[in-house]
Structure formats: C-alpha cells, structure tokens
Amino acid sequence: MSVKSGNASIRDRTQEFLGIAERVKKSVSPQNGPTSSGSKREEPPRPAMAMQSEFNRRASKIGFGIHQTSQKLAKLAKLAKRTSVFDDPTMEIQELTAVIKQDITALNSAVVDLQYLSNSRNESGNISSDTTTHSTTVVDDLKNRLMSATKEFKEVLTMRTENLKVHENRRQLFSSSASQNPSNPFVRQRPLAAKSAASNSAAPPLPWANGAQSSSQLFPKNQMDGESQPLLQQQQNQQQQQMVPLQDSYMQSRAEALQNVESTIHELSNIFNQLATLVSQQGEIAIRIDENMDDTLANVEGAQGALLKYLNSISSNWWLMIKIFFVLMFFLMIFLFFVA
Amino acid sequence: MVKITALMVLKCTPEGADPVILANASDLSSFGFFQRPSVKEFIVFVGRTVARRTPPGQRQSVQHEEYKVHSYNQNGLCALGFMDDHYPVRSAFSLLNKVLDEYQKNFGDSWKTVEADNSQQWPYLSEALTKFQDPAEADKLLKIQRELDETKIILHKTIDSVLARGEKLDSLVEKSSDLSAASQMFYKQAKKTNQCCTIL
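Residues numbered from 1 in each chain as written. Chains lettered and ligands numbered in written order. Predicted model: local features only at pLDDT ≥ 70, side-chain atom pairs only at ≥ 80, totals over all residues. Heavy atoms only, no water.

**Brief notes about the overall build of chain A**
Helices and strands together make up the secondary structure of chain A, namely 10 helices and zero strands. What you see in chain A, going N to C, is helices and strands ordered as α-α-α-α-α-α-α-α-α-α. Scored against the burial criterion, the 340 residues of chain A give a buried share of 30%. Pairs at least 24 apart in sequence give 76% of the contacts found in chain A among residues at least 6 apart. Of the roughly 22,000 Å² of accessible surface on chain A, a fraction of 60% belongs to carbon and sulfur atoms. (Helix = DSSP H or I, 4+ residues; strand = E, 2+ residues; numbered from the N terminus. Buried < 20%, exposed > 50% of the residue type's maximum accessible area, 1.4 Å probe, protein only. Contact = heavy atoms within 4.5 Å. Areas by Shrake-Rupley, 256 points an atom, 1.4 Å probe, with all protein chains shown as cover.)

Okay, here's the thing in structure tokens:
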C-alpha cells in the first residue's frame, strides 16, 4: 500500500485517519462496547478501505508508470538531439519509441480503468463526498500527466523527423550519388507498412519518406510502367513480400546507374571546359612567342644592313687609305728624325 | 571471370503444371565430360522449379549453390539465366529482357500452343550465350559507363599533356624574348660602330 520512491504526491493516510476516527469515536461514545462497535464499525469501513486502498494502489502504480515513461522520454529526447550524420542510433531510437508507445497505451487504459473503478465505487458504496472528490482529483491529475507525457513524446518525434531531414540535406550536399541510400530503409518499410497496417512504430518518419520515395521511384524507365501495376497488386499479397524489395532494388539499381552516368557526363563536360581554357591561354602565349620572333628578325636584319654598310664603307674608302698612308709617313718621319 | 552457364526460355502455365521448355542453350565447357549430362539435367530441373515459382510480371533471383538463377516472367513467357555470383544482376535482367523480345519477334505467339518440351536449338540463344559472357555487352548502361570512364581517363591524359605543352611554351617564350633583346643589342652595337669611326 505504501507508495514507492518515484511519485510521492499520492500518500496513503488511511491509517492515520482511522486512528483519529477511532479516538474521536471513543471520546464521543464511551458507553458502547469498544470492541463490538470497533469491530462493527471496522467492518463497513474495511471494504471501503479495501477499495480505497485498491484505488490508491492502482493510482500509485499508474503515477509511477507515468514517471518512468517520462524518464524514458527524456532519454529518447537526448538521443534524438544527439544524432550526428554518421553515428545514428536509429535502432535504439526506434526501440525506445516502440517501448514508450506501449507504455503510454498501457497507462492510458489503466487510467481509464481507474476512472471506471472510482465511478462504480461512487455509485455503489456509501462513501463521503471527500473520498469522491479525492478520487476524481487523483484521476484527473493522472490523466493530465499522461497527456503531457504524450505531448512531449510527439514533440520528440517531430524533432527527430526534422533532424533526419537535416541530415538528409547535408548528405545530399556532400555526395550526390549517396542520396538513394538513406531512403532505402523507407522504401523497404513502405510496402511493408502498407501491408501490416497498424502498430508500425516508425509511423512518423514514413509519411515524410513517402513523398521523397515516389519521386525517386518514378525516376527510372520503360519497363517500370508495366511493373508498377503488378507492384500495387503484389502489395496485397503476403507471399510476394520478397518480390517487392527485389523489384525496388532492381529499379533502384537502374536509377543509380543512370545517375552515375549523368554525373560522369557532367564531370566530362567540366574536364572539357578546363581543357578549352588551358588551350586558349596557351594560344595567347604562342602569339607572344610569334611577336618576339618577329622583333628578333627585324632587329637582326637591321643590324645586318648596318654591318653591310660598314663593310662597304671600310672596303671602298680611298680617303681612309690616304689618311693611313699619311699617318704611316708621319711616324716614319719621326722615327727617322729621332734615330738619325 | 563472370560467366553465364545456361539460358532458357520456358512457357509458364499459370498454375500447377510444369513449365514447358521452349529453348535451351548452355555452356558446359567448365565441367568434365562425364558430368555434363547430369549438369544438364540439374539445369533443366532447377529451371522448371524456378520458373514455376515466379509469378507473372515479376523478376526473381535465386541463389543455388554457387550459381545465381535469374528469372523473368513476362505474361507467361519466362526467361531464365544461370549465372555465377559476379555477374551483375541488372545486366542479367536486361539480357533476359532482350532474349524475350527476340523470342517474341521470331516466334510471335506460337509458343502459347506448345505443350511438349521443344528440343530444337534456337541459334540466337546460343549466340547470345557466347556474346553476353561479358556483362557489358548485355547491359547498355554498363557499356556506356565503361566507355565514359575510358574517355575520362583519356581526357586526363590529354590534360596532362596540355599542361606539359604549356610549360614548354613558357620556356619558348622566355627564350624568344631573350633572343629579341639580344638582337636589339646587336643592332645598336652595329649602328654605333658604324657611326663613330668615320673620322678615323
């Protein structure tokens, strides 16, 4: 009957109440045999007490369950916030989500039962209005707490979906061809989720993935029109459960091959552009070389003409010869003059 | 390397009965001479089983020992290929598509009435078996991808040689500018010697 550690707001003070009531009784009516009245008086309260304690026990259990669920929810929120691009604890998050969902549904049904129990008790037994208000208050409190826990759960799931979207975008920024892969788990889940209608724990990510999936599935080619019809038919048939992933993987491999080809062609066009740039730059260099050679040719020709003139002037200048003759004569004179 | 061991075309009746073999071509050169009949039986049996289990309009790949059997059922006409693990799945299925189209072209709808196993050889199938040992032949996508990769390699080499050419052009332009400077000096010297020695 005593409440466990977590939820201490529901305390069982029945014993104290009974003790006070007995004392009051003893002080008010001492003439009645204490035992018989005590025993008689204890009889009616006991079933009521039993039911009250039953009520309290269940209420305390529910409260404890809600507390545990909110703790798990906090852990899930931390996990969902923590996810980085590469180290994604998807499995844990999904397991935790499933567990929390089960807990919440169980707690919900337990609260409904509790409310039913308190209502039935209120109608059957002769209980004071205090007890009635107490039980209704307790039930309302539990319901409020459960609702807030459910709301938190939904918020955590939306946050997780947004995180996944952000990661998807970042992954697409860095690698164009790896964009197929993140949607693969959702591809597998989509036909499986369509078959197993209810109780799929990854329900929130799925509606988001459905939109992205249809575009990438419509992407490939001719045979796909013929196969998309049987694909829809296969979804109903449990036996074909292996076929659908195979069809999907076939189409996806074709889509992937096409994307590879397209990206290769883009790279090739890049390479050609760079080649063109390089060649045009080198063309300009070649023109400069040509100009330099022309300048050199002009210079050398001019120099050759000048030298030719010089040669002419040297070879045919008789005036120069007379000057040389006179200089020779002059030195001869001086030499003869000094020696003789 | 990658190898196709057998190709088969069968007619698949919707329920129950065994599919009827319409054409069969196999390359059993890798098995010993005495194993060949049993391998052929094995191929026929596995082919029938797989074809029976493939629903119409579906593709299926079954791993059997070291072979992968790919089957494609197109409205009752089923094509099967026995390939090893390295053969890319996509090329396998595109090959099966081609075989089926060719069969439809050649034989029209006459296959629908065939009830007994057809033991004649269909030459197209045997040539297909030899031609498509290389998966690139069957799958155009693979071929295109391969050619594009070769082109990319060639382009890389081209760019390398263009860069080398650029370097040589740079050295040439240096030398030519030096040459033009030297010739200019030469011209000036020649003019100078011509001008100043007229007195003497």
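On we go.
**Quick notes on the sheet that holds strand 4 (residues 67-74) of chain B**
Residue and element names in this part refer to chain B. Strand order in the open sheet made by the five strands is 2-1-5-4-3, with antiparallel pairing throughout. On the outer flanks of this sheet lie strand 2 (20-26) and strand 3 (59-64), each paired with one strand and no other. Each strand of the sheet is rotated relative to its neighbour by a mean of 15 degrees, with strand direction disregarded. Two strands pair when backbone bridges link them, and strand 4 and strand 5 (residues 77-84) are joined in this way by eight bridges, in the antiparallel orientation. Across the sheet, histidine 70 pairs through a bridge with glycine 81, a residue of strand 5. Against the sheet, helix 1 (residues 36-53) contacts strand 1 (4-11), strand 2, strand 3, strand 4 and strand 5, and its axis sits at roughly 50 degrees relative to strand 1. This element, helix 2 (residues 89-107), spans strand 1, strand 2, strand 3, strand 4 and strand 5 of the sheet and lies at about 45 degrees to strand 4. (Pairing = 2+ DSSP bridges. Axes fitted to C-alpha atoms, helices over the stretch in contact; angles between N-to-C directions.)

**Considerations on the UniProt feature "transmembrane region" (unreviewed entry) in chain A**
Summarizing the sequence annotation, UniProt attributes the feature "transmembrane region" (unreviewed entry) to residues 318-339 of chain A in the numbering used throughout. What you have in residues 318-339 of chain A is 100% helix and 0% strand, and the ends, taken at the C-alpha atoms, are 31 Å apart. (UniProt positions renumbered as here; feature names shortened; annotations may be inferred.)

**Some words on the packing of aromatic side chains**
All names here are of chain B. With the rule as written, the count across this model stands at three aromatic pairs over all chains. Seen from their ring centres, phenylalanine 33 and phenylalanine 34 are 5.7 Å apart, and the 75 degrees between their planes marks the pair as edge-to-face. Grouping residues by exposure puts phenylalanine 33 and phenylalanine 34 together as exposed. Residue placement shows arginine 59 over the ring face of tyrosine 72; its charged tip is 4.5 Å from the ring centre. (Phe/Tyr/Trp six-rings, centres within 6.5 Å; stacked < 30°, edge-to-face > 60°. Lys NZ or Arg CZ within 6 Å of the ring centre and 35° of its normal.)

**Overview of the interface of chain A and chain B**
Across the contact, 43 residues belong to chain A and 46 residues belong to chain B. Taking both sides of the interface into account, the surface hidden between chain A and chain B amounts to around 4,000 Å²; carbon and sulfur atoms contribute 67%. For glutamate 267 of chain A, the salt bridge is made with lysine 152 of chain B, and the minimal N-O distance between the two is 2.5 Å. At the boundary of chain A and chain B, one finds eight residue pairs in polar contact (both at pLDDT 80 or more). Contributions of two or more residues to the side of chain A that touches chain B are made by helix 8 (222-236), helix 9 (243-315) and helix 10 (318-339) of chain A. With 37 residues, helix 9 of chain A is the largest single contributor of residues to the side of chain A that touches chain B. Of the residues that constitute the side of chain A that touches chain B, the class distribution is 22 nonpolar, 14 polar and seven charged. (Buried area = accessible area lost by both parts, 1.4 Å probe. Salt bridge = Lys/Arg side-chain N within 4 Å of Asp/Glu carboxyl O. Polar contact = N/O pair within 3.5 Å; in protein donor to acceptor, adjacent residues only side chain to side chain. Nonpolar A, V, L, I, M, F, W, Y, C, P; charged D, E, K, R; others polar.)

**Regarding the pairing of strand 2 of chain B**
All names here are of chain B. Counting buried positions along strand 2 yields six of seven residues, so the element is predominantly enclosed. Relative to strand 2, strand 1 is paired through six bridges, and the arrangement is antiparallel. Considered in strand 2, the bridge of leucine 7 is made with alanine 25.

**Structural notes on the nonpolar core**
All names here are of chain B. Grouped together as the largest cluster of nonpolar side chains are 26 residues, with contacts concentrated most on Ile4, Leu7, Val9, Tyr87, Leu95, Trp122 and Leu125. Taken together, the elements giving at least two residues each to this core come down to strand 1, strand 2, strand 5, helix 2 and helix 3 (123-131). Take this core: its biggest share by element is seven residues, from helix 2. Membership of the second largest hydrophobic core comes to 18 residues, among which are Leu28, Phe31, Val44 and Ala51. (Core = buried A, V, L, I, M, F, W, Y, C linked by side-chain atoms within 4.5 Å.)

**Notes on helix 4 (residues 90-124) of chain A**
Count 3.6 residues to each turn of an α-helix, and residues three or four apart come out pointing the same way. Between its terminal C-alpha atoms helix 4 of chain A stretches 51 Å, which fits the 51 Å expected from 35 residues at 1.5 Å a residue. For helix 4 of chain A, every residue scored as buried is listed here: Ile93, Leu96, Thr97, Ile100, Ile104, Leu107, Val111, Leu114, Leu117, Ser118 and Arg121 of chain A. (Expected span 1.5 Å × (residues − 1).)

**Some thoughts on the pairing of strand 5 of chain B**
Residues and elements named next belong to chain B. Of all eight residues in strand 5, eight are buried, a share of seventy percent or more. Here strand 5 shows two buried faces, one formed by Leu77, Ala79, Gly81 and Met83 and the other by Cys78, Leu80, Phe82 and Asp84. Across seven bridges, strand 1 lies against strand 5 in antiparallel orientation. Bridging across to strand 5, alanine 6 finds its partner in phenylalanine 82.

**Comments concerning the pattern of salt bridges**
All names here are of chain A. As enumerated under the stated definition, the model contains nine salt bridges over all chains in all. Here glutamate 54 and arginine 58 are joined by a salt bridge, their closest N and O atoms 3.7 Å apart. Separated by four residues within a single helix, glutamate 54 and arginine 58 lie in helix 3 (residues 45-82), roughly one turn from each other. For arginine 58, a relative accessible area of 26% corresponds to the partly exposed category. Three or more residues joined by partner-sharing salt bridges are found here, namely Glu54, Arg57 and Arg58.

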